[in-house]
Amino acid sequence: MAVSNKAVDARDAGEAMCPYRLVLEHVTSRWGVLVLIELLDRPYRFSELRRAIGRIGRGVSEKMLTQTLQTLERDGLVHRDAKPVIPPRVDYSLTELGREAAEQVRSLALWTSDRMADVERSRAAYDEARALKARA
């Protein structure tokens, strides 16, 4: 797929203005989180990683997984090891930087899981208060 020069220029401009925000978006994106957490366990081949992510939640398309892996590789978080064999074999693993990021993301995911009941209670209280206010 060809990317227009305008799109590339806009991406470069965004990175120049706020590179931290972009890395944070990559690490905390819907698929970035799942990729990083899965790769904490071990290296994966593409199809294995796709299946593993599908077991956690909804499945990821090949296109989205490819884009996510390329983005994380560009950021220095994922290592892509292409073996010159037939059929081709490509393994994905975390770099040291990626391992650091993945451990942080996993901590946030565990916190979310541990505190979900509190979040649900807060949501219910909020929705009830809004409903009462709307009826008044």
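Right above here is the structure, for reference.
So, how was this worked out
Residues numbered from 1 in each chain as written. Predicted model: local features only at pLDDT ≥ 70, side-chain atom pairs only at ≥ 80, totals over all residues. Heavy atoms only, no water. Pairing = 2+ DSSP bridges. Helix = DSSP H or I, 4+ residues; strand = E, 2+ residues; numbered from the N terminus. Buried < 20%, exposed > 50% of the residue type's maximum accessible area, 1.4 Å probe, protein only. Arc of directions from axis to C-beta.

Q: So what about the sheet that holds strand β2 (residues 78–83)? Which residues, and what values?
A: The strand order β1-β3-β2 describes an open sheet built from three strands, whose pairing is antiparallel. Of all the strands in the sheet, just β1 (44–45) and β2 have a single pairing partner and so form its edges. Pairing of β1 with strand β3 (residues 89–94) involves two bridges; the strand directions are antiparallel. Its bridge partner lying in β3, Arg-45 is registered against Asp-91.

Q: Account for unusual backbone geometry, with residues named and values stated.
A: The residue after Ile-86, namely Pro-87, is reached through a cis peptide bond having omega -5 degrees. Here Pro-87 shows up in the loop between β2 and β3.

Q: Can you tell me about helix α2 (residues 19–28), naming the residues and giving the values?
A: Given 3.6 residues per turn, any residue in an α-helix points the same way as the ones three and four places further on. If you check which residues of α2 are buried, you get Leu-22, His-26 and Val-27. Buried residues of α2, viewed axially, fall in a sector of 135 degrees; they line one side. Residues Tyr-20 and Leu-24 are exposed on α2 and point more than 90 degrees away from its buried face.

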